[in-house]
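Each chain is listed here by its residues.
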Amino acid sequence: MDSGSLAARRSAAVARGVGSVISSYVDSASGGTIVDVDGREWIDFAAGIAVTSVGNAAPRVVEAVREQVGRFTHTCFMVAPYEGYVAVCEALNSLVPGDFDKRSALFNSGAEAVENAVKIARHATGRPAVVVFEHAYHGRTNLTMALTAKNMPYKHRFGPFAGEVYRAPMSYPLRDGGLSGSAAAARAIDAITTQVGVDNVAAVLIEPIQGEGGFVVPAPGFLPELAAWARSIGAVYIADEIQTGFCRTGAWFASAHESVEPDLVTTAKGMAGGLPLAGVTGRAEIMDAVHVGGLGGTYGGNPVACAAALATVETMRELDLCAAAQRIAALALPRLTELAARYPWIAEVRGRGAMLALEVTHPDSVGPNGPTPDPARTAALAKACHEAGLLVLSCGTYANVIRLLPPLVIPPDTLDRGLAVLAEAAAGL
Ligand SMILES: *Cc1c(COP(=O)(O)O)cnc(C)c1O
C-alpha cells in the first residue's frame, strides 16, 4: 500500500476532523528517522509531539511490552491490582520535584490527567475556581477545552464549555513589552485577586514552558512567585508538565529549572515510550484528600503501558537523556540563532533543552501584542521542510512558531542534517 492509496482509503473511512501534518504513511520509525510506506526517509523533529523521547521502538521498551503483553494485557487496577502500576507511581513520586511525601494516580491521556488534577484540587480545597493562562493548552475534552486558550482548531463550535475557569495574563517576554517575571506575576496575581477572589481559587494551573501555545518561556521569577502566592492563598499550584516532563527540557521536569516544587504535576507524553499513559503526582495530603473510589477509569495505568513507562525511565537514566537534551540545545541553538541573525522575519529563538522554537513575524511591523505574527511564512517554512523530508511542527496562538522536538536519542549527525534542511528551507523563502 502506498501513501496515495492509503489517503483514498482514509478519506472514505476516517473522520475529516482528525488531521495529519504530512500525507505520507509510516512504515517504520526508530529514533530520529521515520520511513514511510513509499520508502522515503524523514528526519523526525516532532517525536510524535514530544512523546518518543527514547525513540519509536526503544529496545528496553519493546522488550518490556512483549514480556508484559504475554503475561496479561489488562485486569483493571480498580478490580485486580498489579505491581507495574505501583512501581510507576513510586518512580513518579521520586522523580517529580518536591522534598515531601507524594502520591500518584494513573490515567490514559494528558487531558485526563489534567481533568483529574482539577478534580483533586477542587476536592482538597473545597473551592471551585481554576486559574489558567493566556496561550495555555491543556487538552481537548470538555473541561480541558475550557482550560485551553486557543479557539481554532481546538474549541471552535464545540461549546458550551465547563464553568469556573478564569484566564490570567501570561509572562511572554516578546509580547508583553519585556515585563520582568516579577512584574508579570504581580499583574497576573492582581487579575486573579480582583476578578476571581483569593478565597475561590482551587488551583493555579500552568505549563512551565507552554507547548501548543507557542513554546512560550516565561521570564525568570514568574513561576516561583506564582507558585509561592498560590500556596499563600491556600490554592493548589499545578504544573502541567505533560510536554515539558521526562527530560525534554534538560531536566526531569521543567519546574526544577527555577527550583519550583509544584503541589501537583501532570505527566503524559514522554513518559511511556509511545504507549498511552498519564499521571497526576503530588503532595500526599492533597492527593489523599479524595475518598476511595473517587479517582480511576477502566484503562488507567494499563499494565502494558506501565511496563513501557518503567522501561522508558530506565532508558532515560541509562542513556542520561537529560544530558542528551542539553547537548541537543548546545548543537541546535547556535544554528538557530545564526538563522535569526540572517533573517529579520525570525523575531526570536527560544526554548530549553530539546524544546526549541523560532517565532516568525513581519519585520518592522508591530501590532497590539508586539511584533506582527506571520503565519503564512511559518506555514511556507514548514511546508518547505516537509518537501525536503524534515518533519517539523508549528504551534502558537498565532500559528507563527516553528518548534523543534526531536527524540532525545536522535543521533547528532541526523540532528545536524535536519538543521541543514531547516536552514536551506529558510534560505529558499
Ligand atoms: C498534549 C498536552 C496535553 C493533552 O494531552 P493528550 O494526551 O493529548 O490529552 C495537555 N497539556 C499539555 C501541556 C500538552 O502538551
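Cut-offs applied
- Residues numbered from 1 in each chain as written.
- Predicted model: local features only at pLDDT ≥ 70, side-chain atom pairs only at ≥ 80, totals over all residues.
- Heavy atoms only, no water.
- UniProt positions renumbered as here; feature names shortened; annotations may be inferred.
- Helix = DSSP H or I, 4+ residues; strand = E, 2+ residues; numbered from the N terminus.
- Polar contact = N/O pair within 3.5 Å; in protein donor to acceptor, adjacent residues only side chain to side chain.
- Contact = heavy atoms within 4.5 Å.
- Domains from an automatic or database assignment.
- Buried area = accessible area lost by both parts, 1.4 Å probe.
- Salt bridge = Lys/Arg side-chain N within 4 Å of Asp/Glu carboxyl O.
- Pairing = 2+ DSSP bridges.
- Near = heavy atom within 4 Å.
- Areas by Shrake-Rupley, 256 points an atom, 1.4 Å probe, with all protein chains shown as cover.

Under an unreviewed UniProt entry, the name given to the protein chain is (S)-3-amino-2-methylpropionate transaminase, and the source organism is Virgisporangium aliadipatigenens. Quoted verbatim from the Cofactor (unreviewed entry) field of the UniProt record, the comment on the protein chain reads "pyridoxal 5'-phosphate". Database annotation for the protein chain, UniProt heading Sequence similarities (unreviewed entry): "Belongs to the class-III pyridoxal-phosphate-dependent aminotransferase family."

**Description of the side chain of Asn116**
Relative to the assigned elements, Asn116 resides in helix α5 (residues 110-125). In this structure the side chain of Asn116 is engaged in a polar contact, spanning 2.8 Å, whose partner is the backbone oxygen of Glu112. Apart from the residues within four sequence positions on either side, Asn116 is in contact with Phe107, Val280 and Leu295.

**What about the domain arrangement of the protein chain?**
According to the domain assignment, the protein chain consists of domain 1 (3-57 + 320-427) and domain 2 (61-319). Averaged C-alpha coordinates put domain 1 and domain 2 at centres separated by 24 Å. With 43 residues of domain 1 in contact, the opposing surface of domain 2 contributes 36 residues. For the pair domain 1 and domain 2, the two sides together bury roughly 3,100 Å², of which 61% comes from carbon and sulfur. Here domain 1 and domain 2 share 2 salt bridges between them. Its salt-bridge partner being Arg403, residue Glu212 comes within 2.7 Å of it at the nearest N-O pair. Connecting domain 1 to domain 2 are 21 residue pairs in polar contact (both at pLDDT 80 or more).

**Considerations on the pairing of strand β6 (residues 165-168)**
Examined bridge by bridge, strand β5 (residues 129-133) and β6 share 4 bridges and lie parallel to one another. The partner of Val132 across the bridge, within β6, is Arg167.

**Here we look at the site of the ligand**
Neighbouring the ligand are the residues Ser109, Gly110, Ala111, Tyr137, His138, Glu207, Asp240, Ile242, Gln243 and Lys269. Between Ala111 and the ligand, the recorded distance is 2.8 Å, taken from a backbone N or O atom to an oxygen atom. In isolation the ligand has 380 Å² of accessible area, and contact with the protein removes 82% of it.

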